[in-house]
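Inside the fold
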Amino acid sequence: MNLVRKEKEFKIGEEEYIMYFDMSSIVMYKELTNRFFTHGVNKLFEQDDEEIMYFMASTLRRKDNPKKPLGKEIFEADILQLLLMHKWDVIDLVASSLPVEETPKKK
């Protein structure tokens, strides 16, 4: 199973950003937190503010450099505004990007 790539574009101030969840997001999350992705994703879906910020740091990228997540750089921004304005964006994005196992059809 692979991740399904969903994207969200928006502006913060005058700068354009793109948010998507991929394998580099998982690597960035683990680098930032020293925790397993599966631990964090459960807390993300419980709407834990700290986990939301770590997933935001792992998925948000400058539109002109979309391969590189912002990582620690996000913590230099207005974190409260990002959390209030884009909390549901990151939760929805991660949820819709995760693979769904299909149940075999009965004959």
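Heads up: these notes are all about the structure in this document. Remember, it's a predicted structure, so these values are computed and weren't measured experimentally. (Residues numbered from 1 in each chain as written. Predicted model: local features only at pLDDT ≥ 70, side-chain atom pairs only at ≥ 80, totals over all residues. Heavy atoms only, no water.)

With respect to the pairing of strand S1 (residues 7-12)
Where S1 and strand S2 (residues 15-20) come together, six bridges link them in antiparallel fashion. The residue bridging Lys8 from the neighbouring strand is Met19, located in S2. Hairpin connection of S1 to S2: two residues between the antiparallel strands, including Gly13 at a positive phi of 65°. (Pairing = 2+ DSSP bridges. Helix = DSSP H or I, 4+ residues; strand = E, 2+ residues; numbered from the N terminus.)

A few points about the layout of surface pockets
Reported here for the largest pocket is a volume of approximately 160 Å³. Contributing elements (two or more residues each) for the lining of the largest pocket: strand S3 (60-62) and helix H4 (79-97). Here the lining of the largest pocket is built from residues that sort into seven nonpolar, one polar and four charged. (1 Å grid on protein atoms, 1.4 Å probe; cavity = no way out; pocket = protein on both sides within 12 Å on 5 of 7 lines; lining within 4 Å. Points joined across faces, edges and corners; volume = space filled by probe spheres on them. Nonpolar A, V, L, I, M, F, W, Y, C, P; charged D, E, K, R; others polar.)

What to know about the environment of Lys30
By the secondary structure assignment, Lys30 is in helix H1 (residues 23-33). Counting along the chain gives 24 residues from Lys30 to Tyr54, while the straight-line C-alpha distance between them is 9.3 Å.

Let's talk about the nonpolar core
Counting 26 residues, the largest nonpolar core has Leu44, Phe55, Met56 and Val90 as the members making the most contacts within it. Residue assignment for this core shows that the elements contributing at least two residues are S2, H1, helix H2 (37-45), helix H3 (49-59) and H4. Every residue in contact with Phe55, bar those within four places of it in the chain, is listed here: Phe21, Tyr29, Phe37, Gly40, Val41, Leu44, Val90 and Val94. (Core = buried A, V, L, I, M, F, W, Y, C linked by side-chain atoms within 4.5 Å. Buried < 20%, exposed > 50% of the residue type's maximum accessible area, 1.4 Å probe, protein only. Contact = heavy atoms within 4.5 Å.)

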